[in-house]
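Spelled out, the chains give:
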Amino acid sequence: MGIQASYLKTLLVNQSAKEECLPVTSYTKFPQECWTVGNNNLLMDLHVYPDTLHRCTDDGSWYWWCDAEFRPFNDSYIFATASAFRPRATRHWVPVPSMPNGRILAYQLPSVDHIRCQIFSRTNCSVYPKVQPHPIGELVCYCGTGEVVVMGSDGDPLFQRSRDLSNAVHVHCAIAKNGISFACLKRGTGVFILETYLLQSTMAANSFIRCHTVCPGFTPSRNVSDDVQCKFSPDSKYIAVSSSTGFLFTVSRSTLEKHCIICPELIQQMLSAAGSFDYHPCFPFQIMTIATIDKNVYTLNLENKEVLDSLQFERPIDCIRYSPDGSRLALGFSNFDISILNSEDMSCILKIEMSELCIDDVQRTHPNFQSVLNLSFSQTGERLVSSSCDGHIRLWLIPKLLSLQEICRNSILSSIKINQVKKLNLPSKLKSFLVYKFF
């Protein structure tokens, strides 16, 4: 990191909404030779907050809402954040007052003995914290206290948007692959609002909708703090919106008009958790995989409104995530376990029994919230980082035999800036392969 903010803004001003935004640095591989593989393919297990941020002792009853994401095209760099809450059954959860809430962290992983953590000390959050790495690689997006922020490597905001006169709280944000389309969910009195922005010279507002006008029932719960999420389709043209109450719908990015109500209309069940869905990265918007409260996983064609495949499991699914090349599908379960599936035939490649590491943390689980809060694949799909309600982020080795083409791709991308691949004197299909562009 360390590229000047003015240069990044210039790139975004010239960025087309129809093209994918790519990092201004070369690919960084994971230094596997400096790491030891443990039981269950575990590479790293650490608390999301380093000791310097622990201002009091966790008595085992705290619920850690934490998140971790790989930086695009950098397999040895992870963004993370967390907040500690005291769960209350029928009331809004309150953060543990003596702990910093929503602090953004950046972990660099040169070796198991030299993990480096950068703390962005001016970051904080009053909602469930999430990190959203920007596709340009040098920026990270998050919802702070009273604002939504796109932050640079020095910790200063490159873009930010404060609360407006409605005083609605920013609760979740998402950035499209084009790098300039931005969406934010806000919670107001009795309403969730989806707003869109354009990131160029400023953070310019485009349009907004009240979510219940598209999906009836999509409103805040009175007695609990709902988890709501939004996510752009791979082609940046659609936005999917979900909630922990089980609703899931999609809208057009440009007009915010309804595209499809997935749960409970297309699938007549409620979504298992707000994070239990993902778009297939190899298709513009058509293919999505979701998990429902009846412990089923469905692969859907949203264009034809049909179910392509379904699979039932024994436990509720908390989280679903595709690998960047779409070949792998990770499922996080309510008992902390993780399964890695082949996305083509849904066969199981690897079972990670994370529950063995979390036996003493079962009391942290809550029927309305996830145990596995997020899963994120590295760029090559060979590693997975998990974040869970015990406050730990864990790094796992995922078995994958790279093809000769993939090995050559990693070598090429290690020696050139990713956004300069388009200038290479190569066939267009090969250049698309190099930057994981599938359509």
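Criteria and thresholds
Residues numbered from 1 in each chain as written. Predicted model: local features only at pLDDT ≥ 70, side-chain atom pairs only at ≥ 80, totals over all residues. Heavy atoms only, no water. Helix = DSSP H or I, 4+ residues; strand = E, 2+ residues; numbered from the N terminus. Buried < 20%, exposed > 50% of the residue type's maximum accessible area, 1.4 Å probe, protein only. Contact = heavy atoms within 4.5 Å. Pairing = 2+ DSSP bridges. Axes fitted to C-alpha atoms, helices over the stretch in contact; angles between N-to-C directions. Polar contact = N/O pair within 3.5 Å; in protein donor to acceptor, adjacent residues only side chain to side chain. Salt bridge = Lys/Arg side-chain N within 4 Å of Asp/Glu carboxyl O. Phe/Tyr/Trp six-rings, centres within 6.5 Å; stacked < 30°, edge-to-face > 60°. Lys NZ or Arg CZ within 6 Å of the ring centre and 35° of its normal.

Undergrad: Where do I start with the environment of Phe285 in this structure?
TA: One can find Phe285 in the loop between β19 (277-279) and β20 (287-291). Given the relative accessible area of 13%, Phe285 is considered buried. It is 6.4 Å that separates the C-alpha atoms of Phe285 and Asp235, two residues lying 50 residues apart in sequence. Contact partners of Phe285, with chain neighbours within four places excluded, come to Ser233, Asp235, Tyr238, His259, Tyr279, Leu302 and Glu303.

Undergrad: Sorry if this is basic, but what is going on with the sheet that holds β19 here?
TA: Whether parallel or antiparallel, the strands of a sheet pair through hydrogen bonds between backbone atoms. Within the open sheet, the 4 strands sit side by side as β19-β20-β21-β22. Their pairing is antiparallel. The sheet is open, and its two edges are formed by β19 and β22 (306-312), each paired on a single side. For this sheet, the mean inter-axis angle between neighbouring strands, taken without regard to orientation, is 15 degrees. Pairing geometry for strand β21 (residues 296-301) and β22, over 6 bridges, is antiparallel. Along β22, the bridge assignment pairs Tyr298 with Ser310.

Undergrad: Where do I start with the side chain of Ser378 in this structure?
TA: As for its placement among the helices and strands, Ser378 is situated in the loop between β27 (372-377) and β28 (383-388). Within the local environment of Ser378, its side chain forms a polar contact with the backbone nitrogen of Glu382, the two atoms lying 3.4 Å apart.

Undergrad: I'm lost on the pattern of salt bridges in this one. Help?
TA: Side chains bearing opposite charge may pair, as long as their charged atoms lie close to each other. Under the criterion given, the structure shown has 14 salt bridges. Two residues, Glu406 and Lys400, come together in a salt bridge whose shortest N-O distance is 3.8 Å. Here Glu406 matches Lys400 in class, with each residue buried. Residue Glu406 pairs with Arg409 through a salt bridge whose shortest N-O separation is 4.0 Å.

Undergrad: Which parts of the structure should I look at to understand the packing of aromatic side chains?
TA: Aromatic ring pairs: the centre-centre distance and the angle between the two ring planes describe each pair. Scanning the model with the defined rule gives 21 aromatic pairs in all. Ring centres of Phe182 and Tyr197 lie 6.1 Å apart, and the angle between their planes is 55 degrees; this geometry places the pair in the tilted category. One end of the pair, Phe182, is in strand β12 (residues 181-188); the other, Tyr197, is in strand β13 (residues 191-199), and 15 residues separate them in sequence. Of the two residues examined, Phe182 and Tyr197, each falls in the buried class. Their ring planes at 40 degrees and their centres at 4.6 Å tell us that Tyr238 and Phe285 sit as a pair that is tilted. Residue Tyr238 is located in strand β16 (residues 238-243), and its partner Phe285 is located in the loop between β19 and β20; the two are separated by 47 residues in the primary sequence. Here Tyr238 and Phe285 have matching classes, each one buried. Connected via pairs of aromatic rings, a cluster forms that spans Tyr63, Trp65, Phe85, Trp93, Tyr128 and Phe369. Its end group placed over the ring of Tyr77, Arg71 keeps NZ or CZ at 5.0 Å from the ring centre. When the ring centre of Phe277 is taken as reference, the NZ or CZ atom of Lys231 above it lies at 4.7 Å.

Undergrad: Looking at this structure, I do not really get unusual backbone geometry. What am I missing?
TA: A negative phi angle characterises most non-glycine residues, just as the trans form characterises most peptide bonds. Cis geometry is adopted by the peptide bond preceding Pro264, which originates at Cys263 and carries an omega value of 20 degrees. Assignment of secondary structure puts Pro264 in the loop between β18 (258-263) and β19. The backbone phi angle of Asn167 is positive, close to 60 degrees, even though this residue is not glycine. Residue classification places Asn167 among the partly exposed residues on the basis of a relative accessible area of 47%. With a phi angle near 85 degrees, Phe336 is a residue other than glycine that sits in the positive phi range. As for its position among the elements, Phe336 is in the loop between β24 (328-333) and β25 (338-342).

Undergrad: Which parts of the structure should I look at to understand the environment of Val169?
TA: When you line up the elements, Val169 lands in strand β11 (residues 169-175). Separated by 137 residues in the primary sequence, Val169 and Gln32 place their C-alpha atoms 42 Å from one another. Contacts of Val169, omitting those with residues within four sequence positions, involve Val127, Arg163, Leu185, Lys186 and Arg187.

Undergrad: So what exactly am I meant to see when it comes to the sheet that holds strand β8 (residues 140-144) here?
TA: Spatially, the 4 strands line up as an open sheet ordered β7-β8-β9-β10, and their pairing is antiparallel. At either end of the open sheet lies a strand with only one pairing partner, and these are β7 (132-133) and β10 (157-162). Across 2 bridges, β7 lies against β8 in antiparallel orientation. For Gln132, the partnering residue across the bridge sits in β8 and is Cys141.

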